[in-house]
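# Chain and residue survey
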Amino acid sequence: MGKRTILNSKHLEITLKRLASQLKENHQNFENTVLIGLQPRGIHVLERLKSILEKDLGKDLVCGQLDITFYRDDFRRREQPLIPSVTNIDFIIEDKRVVLIDDVLYTGRSIRSGLDALLAFGRPKSVELLILIDRQFERHLPIQADYIGKQVNTLPSEVVVVEWEQLDGEDMVILTEIENG
Amino acid sequence: MDNLSVEHLIGIKDLTKKDIELIFRTADSFKQVINRPIKKVPSLRDITIANLFFENSTRTRLSFELAEKRLSADVVNFSAASSSVKKGETLIDTVNNILAMKVDLVVMRHPNPGAAKFLSEKVDARIINAGDGTHEHPTQALLDAYSIRERHGEDFNGKKVVIVGDISHSRVALSNIFCLQKLGAEVMVCGPTTLIPKHIGSLGVKVEHDLRKALEWCDVANMLRIQLERQDIKYFPSLREYTMLFGLDKELLNSLDKEITVMHPGPINRGVEISSDVADSDQSIILQQVENGVAIRMAIIYLLASKIERN
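Residues numbered from 1 in each chain as written. Chains lettered and ligands numbered in written order. Predicted model: local features only at pLDDT ≥ 70, side-chain atom pairs only at ≥ 80, totals over all residues.

## Brief notes about the overall build of chain B
When helices and strands are counted, chain B shows eleven helices and nine strands. Its C-alpha radius of gyration of 19 Å places chain B within 12% of the 19 Å reference for a compact globule of 311 residues. Out of the 311 residues belonging to chain B, those deemed buried represent 46%. (Helix = DSSP H or I, 4+ residues; strand = E, 2+ residues; numbered from the N terminus. Rg over C-alpha atoms; globule rule 2.2 N^0.38 Å. Buried ≥ 20, exposed ≤ 12 C-beta atoms within 10 Å, placed from the backbone.)

Shown next as structure tokens:
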């Protein structure tokens, strides 16, 4: 099984810092901005960015976690039911500038579900998308990210795995072949 | 990932502990959903559900209908009072006619025990039992246990629950006994001898005829209604005597040396099995039970619907 490292821990750190700077460029002091990580893996990107930005700005940012399970378009197209994760949005998103955060952008279907799920909480002023890894050329829907960590060209038979120190022992982004695929 | 081990929800008897815990976990998410500004998710937009009520119901029926609508399913309602059942149609014919209109899932309440199981064997749709005679009422038991879990924590081991009242005629009691035992809780039934089935001890439940002793033993008391409509003969001299011996009032509740949780599946007969001040007290979780009912039913419908094949 082929395995290729896309980002090692050092590069991942640099990338996250750049993304944080780009966010700062557009949102300055984050007065009217909320950051929302998509469950299950986007919340780890959010956590890192949050700690970088909070250290930098010296204040707490408004952050939430959004689960998209009930808004997905593949209900009943799978063998197993889709079991939801926790949604944690205890603030009003009405008229806020929302940054949706996920780890990998591939077909765009998760983000489509995420937008639907988000709008159930109200009408934000604007929504932007921040993605750590953008797998280009395999989009099923017209969705693009506003902030991109790294763009990669991949085959449908490959999968991008983002690993985090607190979960998997090391920060790393790798590209592997799907087993039996 | 997990899936339910059953294709229909006929009774708690068929469920495993894992099934029940999966339903609870899923209900946690739906409880979040129904507390949002927009209380609706699009998951079941291609599913049609028929609610068949051959027996009166307010709470259960509304609760199911809300759960279905909040999952974006299409809903048709049917009640026996205004239907062809009165004209002599059989149950299977009635249901097959409804299924011919492309219905995927049937929620049914019926006065005959076993009606839901019978239907699940004869027709091609998922069945959810919303109460069949004096047999089972699985969604009520699940929402009761879910409400206990919310108040007392996820671990049911060593939890003591007493079910007080008309055990003989209660489907809620039977489903509750199965559900709580599967989760690891201890169950006691309490009521007049005439209203407690003779061999209920064989289910592994304790039997008590003194309400005070039962309350001193338990952490949670589930007060049931006297189902006069199901009683063919008189089982006790008078309602007033029943209230004196088995009614829960504030005085009795306050005289216990601990704070127990009070539940009631509704409809309440205030002043009979439970006094008004107890029903409205902080120890009562009666309205939480109703709220949780919608979340639990959403979870059950969601999990069963995910097993329906697309065609």
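## Some words on the overall build of chain A
When helices and strands are tallied, chain A shows four helices and eight strands. The order of α-helices and β-strands along chain A, N terminus first, is β-α-β-α-β-β-α-β-β-β-α-β. Here the C-alpha radius of gyration of chain A, 16 Å, is about what a compact globule of 181 residues would show, namely 16 Å. Across its three principal directions, the C-alpha atoms of chain A cover 50 × 40 × 30 Å. Burial status across chain A gives 36% buried among its 181 residues. Considering only contacts in chain A between residues 6 or more positions apart, those separated by 24 or more positions represent 67%. (Contact = placed C-beta atoms within 7 Å.)

## Observations regarding unusual backbone geometry
Omega for the bond connecting Gln39(A) with Pro40(A) falls within 30 degrees of zero, at -5 degrees, which places this linkage in the cis form. Tracing the backbone through its elements, the reader meets Pro40(A) in the loop between strand E2 (33-38) and helix H2 (42-57). Across the junction of Gly266(B) and Pro267(B), the peptide omega takes the value -5 degrees, indicating a cis bond. Tracing the chain through its elements places Pro267(B) in the loop between strand E9 (261-263) and helix H10 (276-279).

## Comments concerning the confidence of the model for chain B
For chain B, mean pLDDT is 91; residues scoring 70 or higher make up 97% of the total. Scored by ipTM, the complex comes to 0.76, with pTM at 0.87. (pLDDT = per-residue confidence, 0-100.)

## Observations regarding the pairing of E2(A)
Residue and element names in this part refer to chain A. Relative to strand E4 (residues 97-105), E2 is paired through five bridges, and the arrangement is parallel. Residue pairing across strands places Gly37 opposite Ile101, the latter belonging to E4. Taken together, the five bridges between E2 and strand E3 (residues 62-66) define a ladder with parallel strand orientation. What sits directly across from Leu38, in E3, is Leu66. Each parallel crossover has a hand, and for E2 linked through H2 to E3 it is right-handed. (Pairing = 2+ DSSP bridges. Right-handed = clockwise from strand over helix to strand, strands pointing away.)

## Regarding the interface of chain A and chain B
Taken together, the contact pairs 14 residues of chain A with 17 residues of chain B. Looking at the side of chain A that touches chain B residue by residue, the class counts come to eight nonpolar, three polar and three charged. (Nonpolar A, V, L, I, M, F, W, Y, C, P; charged D, E, K, R; others polar.)

## Observations regarding the nonpolar core
Judged by nonpolar contacts, the single largest core of 133 residues is most densely connected at Leu100(A), Ile101(A), Val164(B), Ala221(B) and Ala299(B). Looking at this core element by element, the count peaks at eleven residues for helix H11 (residues 286-305) of chain B. Both domains that meet at this core, namely domain 1 (12-137 + 291-305) and domain 2 (138-285) of chain B, each give it at least three residues. Ignoring any residue separated from it by four or fewer positions in sequence, one finds Ile101(A) in contact with Leu35(A), Ile36(A), Gly37(A), Leu38(A), Gly42(A), Val45(A), Leu46(A), Leu49(A) and Leu130(A). (Core = buried A, V, L, I, M, F, W, Y, C linked by C-beta atoms within 7 Å. Domains from an automatic or database assignment.)

## Examining the packing of helix H2 (residues 59-70) of chain B against H11(B)
Describing two packed helices takes the angle between their axes plus the distance from one axis to the other. Residue and element names in this part refer to chain B. One way to put it is that H2 packs onto H11 with a least axis distance of 8 Å and a crossing angle of 55 degrees. As far as their axial angle goes, H11 and H2 are oblique. In the packing of H2 onto H11, the handedness of the crossing is right-handed. Here Arg59, Ser63, Phe64, Leu66, Ala67, Glu68 and Arg70 of H2 come into contact with H11, specifically with Val290, Gly293, Val294, Arg297, Met298 and Ile301. Within the contact of H2 with H11, the residues separate by chemical class into seven nonpolar, two polar and four charged. (Axes fitted to C-alpha atoms, helices over the stretch in contact; angles between N-to-C directions. Parallel < 35°, antiparallel > 145°, perpendicular 65-115°, else oblique. Left-handed = near helix turned anticlockwise from the far one by under 90°.)

## A closer look at the sheet that holds strand E7 (residues 158-163) of chain A
Residues and elements named next belong to chain A. Pairing within the open sheet is antiparallel, and its three strands lie in the order E1-E8-E7. In this open sheet, the two strands that pair with only one neighbour each are strand E1 (3-7) and E7. Pairwise comparison of adjacent strand axes, ignoring direction, gives a mean angle of 25 degrees for this sheet. Where E7 and strand E8 (residues 172-177) come together, six bridges link them in antiparallel fashion. Bridge pairing links Glu163 to Met172 in E8.

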